Amino acid sequence: QVQLVESGGGLVQPGGSLRLSCAASGSIFSINAMGWYRQAPGKQREFVARIISGGSTDYADSVEGRFTISRDGAKNTVYLQMNSLKPEDTAVYYCNAGVVVTSRAQYDFWGQGTQVTVSS
């Protein structure tokens, strides 16, 4: 019904930067919010950042000031610019979207995840 495709993960040294992208496609009427979560090995999935349709943003304390979330509404795409990366940022990053589909029902969708590894 709706697909989220992430890209941009990879291996980076501590202090480096990466930019993640997530494009939503399918039976979309509107998108209420898009965001990112992450899951490190042996840990639960945790919230990273979110941007709602009006443009307001919200960040986890652990990434505030280092990560920036933005959105291209015309492309139904959300970005996560990650700067000053630390080894503890290593995780699989998942895109999430709250979508109103063409039937006007609302659903939560997840991407397949993209690996981010911060290591020297």
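Criteria and cut-off values
- Residues numbered from 1 in each chain as written.
- Predicted model: local features only at pLDDT ≥ 70, side-chain atom pairs only at ≥ 80, totals over all residues.
- Heavy atoms only, no water.
- Helix = DSSP H or I, 4+ residues; strand = E, 2+ residues; numbered from the N terminus.
- Rg over C-alpha atoms; globule rule 2.2 N^0.38 Å.
- Buried < 20%, exposed > 50% of the residue type's maximum accessible area, 1.4 Å probe, protein only.
- Contact = heavy atoms within 4.5 Å.
- Areas by Shrake-Rupley, 256 points an atom, 1.4 Å probe, with all protein chains shown as cover.
- Lys, Arg positive; Asp, Glu negative; His and termini not counted.
- Charge placed at Lys NZ, Arg CZ, Asp CG, Glu CD.
- Core = buried A, V, L, I, M, F, W, Y, C linked by side-chain atoms within 4.5 Å.
- Disulfide = S-S within 2.5 Å.

Participant: Sorry if this is basic, but what is going on with the overall build of the protein chain here?
Facilitator: Each helix and strand in the protein chain was counted, giving 0 helices and 11 strands. Counting from the amino terminus, helix and strand elements in the protein chain follow one another as β-β-β-β-β-β-β-β-β-β-β. Radius of gyration (C-alpha) of the protein chain: 14 Å, near the 14 Å computed for a compact globule of 120 residues. Counting only C-alpha atoms, the protein chain reaches 50 × 25 × 20 Å along its principal axes. Across the 120 residues of the protein chain, 41% fall into the buried class. Across the protein chain, contacts joining residues at least 24 apart in sequence account for 55% of those joining residues at least 6 apart. Within the structure as shown, the protein chain displays about 6100 Å² of accessible surface, and the carbon and sulfur contribution to it stands at 46%. With 10 positive and 9 negative side-chain charges, the protein chain shows a separation of 4 Å between the mean positions of the two kinds.

Participant: Any chance you could explain the nonpolar core here in plain terms?
Facilitator: For soluble globular proteins, nonpolar side chains are generally found buried alongside one another. Within the largest apolar cluster, 32 residues are counted, with the highest numbers of intra-cluster contacts made by Trp 36, Leu 80, Met 82 and Tyr 93. Of all the elements in the fold, those that place two or more residues in this core are strand E1 (2-7), strand E3 (18-26), strand E4 (28-39), strand E5 (46-52), strand E7 (67-72), strand E8 (77-82), strand E9 (91-101) and strand E11 (114-118). Looking at which element gives the most residues to this core, the answer is E9, with 6 residues. Excluding its chain neighbours within four sequence positions, the residues that come into contact with Leu 80 are Leu 18, Arg 19, Leu 20, Trp 36, Val 48, Ala 49, Phe 67, Thr 68, Ile 69 and Tyr 93.

Participant: Help me understand the state of the cysteines, please; the structure alone is not making it clear to me.
Facilitator: In a disulfide, the sulfur atoms of two cysteines are held together by a covalent bond. For the structure shown, the criterion picks out 1 disulfide. Between Cys 22 and Cys 95 runs a disulfide, and the two sulfur atoms are separated by 2.1 Å. Torsion about the S-S bond of the Cys 22 and Cys 95 cystine: about -85°, corresponding to left-handed handedness. Taken together, the positions of Cys 22 in strand E3 and Cys 95 in strand E9 put the pair 73 residues apart, joining distant regions of the chain. The same class applies to Cys 22 and to Cys 95, which are both buried.

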